[in-house]
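The chain contents come next:
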Amino acid sequence: MFEKIAFFGSSDFAIPILEALLNTSKVELVVTQIPRPAGRNKLLTPTPVSSFARMNNLNLREVQNVNDENFINVLKEMKIDVGIVVAFGQILKPKLLEAVPQGFFNIHASLLPKYRGAAPIQRTLLDGANESGITIFKIDRGLDTGKIAMIERIEVDPLDTFDTLSKKLSLLGAKMITDFVKLQKIELKDQEGTPSYAAKITADETIIDWNLPALKIGNLIRALDSKPGARTTLNGEMVKLFGFGGIIDLAGKPGEIIKINSKGIIGCGDNSIMLSHIQFQSKKIMSFSEAKNGRKIGAGSIFGT
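Residues numbered from 1 in each chain as written. Predicted model: local features only at pLDDT ≥ 70, side-chain atom pairs only at ≥ 80, totals over all residues. Heavy atoms only, no water.

**A look at the sheet that holds strand 8 (residues 131-138)**
Picture the strands of a sheet paired through backbone hydrogen bonds; they go either parallel or antiparallel.
Argument step 1. A sheet is described by the order of its strands in space; here seven strands give the open sequence 5-2-1-6-7-8-9, paired in mixed fashion. Either end of the sheet is taken by a strand with one partner, and the two such strands are strand 5 (60-63) and strand 9 (148-155). Averaged over all pairs of adjacent strands, the angle between strand axes in this sheet comes to 15°, irrespective of strand direction.
Argument step 2. One ladder, built from four bridges, connects strand 7 (residues 104-108) with strand 8; its direction is antiparallel. Within the sheet, the bridge partner assigned to Phe105 lies in strand 8 and is Lys138.
Argument step 3. Sitting on the sheet, helix 1 (residues 15-24) touches strand 1 (5-9), strand 2 (27-33), strand 6 (82-86) and strand 7, and the angle it makes with strand 1 is about 170°. (Pairing = 2+ DSSP bridges. Helix = DSSP H or I, 4+ residues; strand = E, 2+ residues; numbered from the N terminus. Axes fitted to C-alpha atoms, helices over the stretch in contact; angles between N-to-C directions. Contact = heavy atoms within 4.5 Å.)

So this is what it looks like as structure tokens:
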């Protein structure tokens with residue numbers, strides 16, 4: 001159905017979908033964002049999609065502004081007839097949308113109209129939702145408001161993290177894009193339901209309030225695992241916590257490490273939570289038992305101090 005496809009993506013999430021597309025179609029062009037400073041030394045680092053494209057000798061273009069007139073002309077000259085967009089990171093404006101005959105289709109990690117916006121997976125986990133999914137929709141002038149071409153649901157496991165749920169949804173997106181490009185006719189349907197907005201996570205939201213219920217704290221840690229990590233203080237030092245293992249019916253002071261076996265059990269506003277890993281400033285992530293053996297933490301230590 002599509003003769004000349006351009007793929008727009010930047011993050012790791014997009015790679016399985018790009019791989020699936022390459023197995024079923026000819027991708028004329030891969031478009032990603034320009035290298036950005038990353039890591040402690042702020043070295044210019046290409047996007048994961050850029051690295052993948054180079055390793056596979058794909059026709060790659062790194063763009064600072066996807067809506068630039070010169071880039072739009074490139075798409076026209078190549079006679080691109082459809083754009084597939086996955087976790088790209090830039091808003092596509094009307095002039096660009098109109099430059100491609102069959103338009104642009106976005107593979108979005110939520111059941112639209114729920115969780116429109118930049119952080120659908122994190123917001124799904126923060127809310128403790130028990131289902132998620134992938135929506136393929138045609139991009140229009142609104143923010144994730146376009147008509148739906150395909151939608152599929154999956155269950156969210158109570159212990160899913162951002163990393164595990166991202167992988168599940170990326171693989172679902174890969175399956176769906178394979179089916180999508182084989183369609184002889186695309187039937188578009190309006191989004192149904194109450195819209196919600198998944199804003200980007202702010203730095204303040206990453207701080208744990210130990211007075212909250214255990215379920216809310218667990219959801220926060222899941223949503224930020226492995227990046228950027230839920231944060232708290234310990235003896236005046238900022239640390240990050242990972243590996244939510246469930247809620248324990250055990251009382252303790254909010255933020256108190258009640259016990260450490262292979263994992264740590266920490267008191268919350270109600271009940272306690274089990275966690276597996278901790279990261280001290282400028283250190284690698286380690287297990288709670290490793291931190292205990294290194295005398296960095298122990299039963300009775302209190303987070304948030």
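Having put the structure on the table, let's press on.
**Topic: unusual backbone geometry**
Argument step 1. A cis geometry characterises the amide bond from Leu112 onward to Pro113, with omega recorded as 15°.
Argument step 2. Along the polypeptide, Pro113 turns up in the loop between strand 7 and helix 5 (120-126).
Argument step 3. Note that the residue after Asp225, namely Ser226, is joined by a cis bond; omega there is 20°.
Argument step 4. Along the chain, the position of Ser226 falls in the loop between helix 7 (214-223) and strand 10 (230-234).
Argument step 5. Its identity is not glycine, yet Lys79 carries a phi of approximately 60°, on the positive side.
Argument step 6. With respect to the element layout, Lys79 can be found in the loop between helix 3 (69-78) and strand 6.

**A closer look at the side chain of Ser272**
Argument step 1. Tracing the backbone shows Ser272 in strand 14 (residues 272-280).
Argument step 2. Judged by its relative accessible area of 0%, Ser272 falls in the buried class.
Argument step 3. Within polar-contact distance, the side chain of Ser272 engages the backbone oxygen of Leu250 at 2.5 Å. (Buried < 20%, exposed > 50% of the residue type's maximum accessible area, 1.4 Å probe, protein only. Polar contact = N/O pair within 3.5 Å; in protein donor to acceptor, adjacent residues only side chain to side chain.)

**Observations concerning the packing of helix 1 against helix 2 (residues 48-55)**
Argument step 1. The interhelical angle for the contact between helix 1 and helix 2, taken along N-to-C directions, is 35°, at an axis separation of 10 Å. Considering the relative orientation of helix 1 and helix 2, their crossing is right-handed. On the side of helix 1, the interface is formed by Ile15, Leu18, Glu19 and Leu22, while helix 2 contributes Pro48, Val49 and Phe52.
Argument step 2. Residue classes in the contact of helix 1 with helix 2 are distributed as six nonpolar, no polar and one charged. (Left-handed = near helix turned anticlockwise from the far one by under 90°. Nonpolar A, V, L, I, M, F, W, Y, C, P; charged D, E, K, R; others polar.)

**Things to note about the pairing of strand 7**
Argument step 1. Most of strand 7 sits inside the fold, with five of its five residues counted as buried.
Argument step 2. Neither face of strand 7 is exposed, since Phe104, Asn106 and His108 on one face and Phe105 and Ile107 on the opposite face are all buried.
Argument step 3. Across three bridges, the pairing between strand 6 and strand 7 is parallel. Bridged to Gly83 within strand 7 is Phe104.

**Observations concerning the nonpolar core**
Argument step 1. Core analysis: the biggest nonpolar cluster contains 38 residues, and Phe7, Ile84, Ile134, Ile136, Ile177 and Phe180 have the highest contact counts within it.
Argument step 2. With seven residues, helix 6 (residues 162-180) is the largest single contributor of residues to this core. (Core = buried A, V, L, I, M, F, W, Y, C linked by side-chain atoms within 4.5 Å.)

**Here we look at the pattern of salt bridges**
Argument step 1. Applying the stated rule across the entire model yields nine salt bridges.
Argument step 2. Two residues, Lys168 and Asp160, come together in a salt bridge whose shortest N-O distance is 3.0 Å.
Argument step 3. Since its relative accessible area comes to 36%, Lys168 is described here as partly exposed.
Argument step 4. Given the relative accessible area of 4%, Asp160 is considered buried.
Argument step 5. The structure contains a network of salt bridges with shared partners spanning Glu152, Lys175 and Asp179. (Salt bridge = Lys/Arg side-chain N within 4 Å of Asp/Glu carboxyl O.)

**Things to note about the environment of Gly142**
Argument step 1. Inspection of the secondary structure assignment puts Gly142 in the loop between strand 8 and strand 9.
Argument step 2. With 51 residues separating them along the chain, Gly142 and Ile91 place their C-alpha atoms 9.7 Å apart.

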